[in-house]
Each structure stands twice: as structure tokens, then as C-alpha cells.
Amino acid sequence: MTQPTRSIEEGATEIRGDAQVAHYLLRFPQPVEKVWAALATPEGLQGWLAIAEVFEPRLGGAVTLRGLGPGRITAWDVERVAEYTVEGRGRVRFHLEPGAPDGTGTTVRFTHEFEREREQPVWRARFERLLTALDA
């Protein structure tokens, strides 16, 4: 059996009306449970993105990420989908899937929808920090 890969693939950025949508495909050797914890818990988010000053893990729950601002959890399906809409920053969505048929590894389809006038965040650097946090 081959070891699941680690990769960050930047997809095309598209325009949808007044919004721009960035796409990434992330592959991790860690299981879905561990990747979910990094993307959808205050402790996990602090390790690579931002301190979650408020985090209500449910659809419609409040979320405030230090330095990014307040928002809401706009999609929530445990170990499958976490989506955060942050005021003035847009909507980020993490869709998790088992990375291989045998359940090893995790594939994350990431999208960030934001206003066209705003500069796109540097997600690659953040995802590099996520890779490091998952390896710890």
C-alpha cells in the first residue's frame, strides 16, 4: 500500500457576479478525524489560521476569528463540511472526503468566495502552516 500524499493544489479562480471564488485541493495523509479537528475546532484553528475567540460548532453558530473578524457558521456537517462566513472577508468552505478507497488520508476541497475588489488572501502560506500543524 502506498503512503497517502501531502499536496496543495491551487485551482482556477473564477468570477461569479460581484464575487471572486478561489479553489484549492488539499491532500493529507492524516485521517478525516484529525483534519476535521484542525479545521473545525478552536484548538485546531489556532494552530494554523487564527485564534477563535468565539466558536459555536453548529449551523448558524457564531464564530469570531482574531484578526479576521466576526461571522457565522453557514454550513456544518461533522467530519464532512465546515463553512464560515466572516464579515468583510467572505465565505470559506472546507469539504472533507476520505483520500483513498481504504479510508487512508483526507482530501479537502476548499473554496473562498469574496468580494471582487478585495485582495485575495495568501492561502498557500496558511495551508503550509496547516500541513505543519497536522504533522505535530
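Just so it is clear, the structure is predicted and the values come from calculations on it, not from any experiment.

A.B. asks: Help me get a handle on the pairing of strand β3 (residues 19-28), residues and values and all.
C.D. replies: Most of β3 is tucked away, with eight of its 10 residues classed as buried. Sheet topology note: the strand β1 (residues 7-10)/β3 ladder contains four bridges and is antiparallel. Note on β3: the bridge partner recorded for I8 is L26. Counted along the chain from strand β2 (residues 14-16) to the antiparallel partner β3, the turn is two residues long, and its residue G17 has a positive phi close to 65°. Pairing of β3 with strand β9 (residues 106-115), which is carried by 10 bridges, proceeds in the antiparallel orientation. Within β9, the position partnered with L25 by the bridge is R109.

A.B. asks: Go over helix α1 (residues 32-39), please, and point to the residues and values.
C.D. replies: Here α1 has its buried residues at V32, V35, W36, A38 and L39. One side of α1 holds all its buried residues, which, seen down the axis, span an arc of 160°.

A.B. asks: How would you summarise unusual backbone geometry if you had to cite specific residues and measurements?
C.D. replies: With phi around 65°, E79 is a residue other than glycine that occupies positive phi space. With respect to the element layout, E79 can be found in the loop between β6 (69-77) and β7 (81-86).

A.B. asks: Describe the nonpolar core, naming the residues involved and giving the relevant values.
C.D. replies: One finds W48, Y84, F94 and F127 to be the most contacted residues of the largest nonpolar core, which totals 34 residues. Excluding anything up to four places from it in sequence, F94 contacts L39, W48, R80, V81, A82, Y84, V108, R109, F110 and F127.

A.B. asks: So what about the environment of E87? Which residues, and what values?
C.D. replies: With respect to the secondary-structure elements, E87 resides in the loop between β7 and β8 (90-98). In the structure, E87 is positioned 16 residues away from G71 in sequence and 5.6 Å away in space, judged by C-alpha atoms. Ignoring anything within four residues of it in the chain, the contact list for E87 reads L68, P70 and G71.

A.B. asks: Before we move on, can you summarise the pattern of salt bridges with the specific residues and values?
C.D. replies: If charged atoms from side chains of opposite charge come close, those side chains can pair. Tallied over the entire structure, the rule returns 10 salt bridges. The closest approach of N and O atoms between E56 and R58, which form a salt bridge, is 3.1 Å. Taking the relative accessible area as the measure of exposure, R58 reaches 44% and is therefore partly exposed. Residue E83 is joined to R91 by a salt bridge in which the shortest nitrogen-to-oxygen separation is 3.7 Å. Looking at R91, the relative accessible area reads 29%, which means it is partly exposed. Residues joined in a network through salt bridges with shared partners are E83, R91, R93 and E113.

A.B. asks: Give me helix α3 (residues 123-135): which residues, what numbers.
C.D. replies: In this model α3 runs 18 Å from its N-terminal to its C-terminal C-alpha over 13 residues, within 8% of the 18 Å that 1.5 Å per residue would give. Residues of α3 that are buried: W123, R126, F127, L130, L131 and L134. All buried residues of α3 project into a common sector of 150° when viewed along the axis, lining one side. Turning to α3, the residues buried within the fold contact β1, β3, α1, β8 and β9.

Cut-offs used in this document
Throughout, residues of each chain are indexed from 1 in the direction in which the sequence is written. Confidence filtering applies because this is a predicted model: local features only for residues at pLDDT of at least 70, side-chain atom pairs given and counted only at 80 or more, and all residues used for totals across whole chains, interfaces and linings. Side-chain descriptors were evaluated using all non-hydrogen atoms of the structure, hydrogens and water having been removed beforehand. For every residue, the accessible area (1.4 Å probe, protein chains only) is compared with the maximum for its type, and the residue is labelled buried under 20%, exposed over 50%, or partly exposed between those bounds. Secondary structure follows DSSP: runs of H or I at least 4 residues long count as helices, runs of E at least 2 residues long count as strands, and numbering of each begins at the N terminus. Think of it this way: DSSP has to see at least two bridges between two strands before they count as a pair. Throughout, the arc means that of the directions going from the helix axis to the C-beta atoms. To form a nonpolar core, buried Ala, Val, Leu, Ile, Met, Phe, Trp, Tyr and Cys residues must be joined to one another through side-chain atoms within 4.5 Å. In this description, contact between two residues means that some pair of their heavy atoms is separated by no more than 4.5 Å. By definition here, a salt bridge exists when the distance from a side-chain nitrogen of Lys or Arg to a carboxyl oxygen of Asp or Glu is within 4 Å. What a helix is expected to span follows from its residue count: subtract one and scale by 1.5 Å.

Keep in mind these values describe shape, not function.
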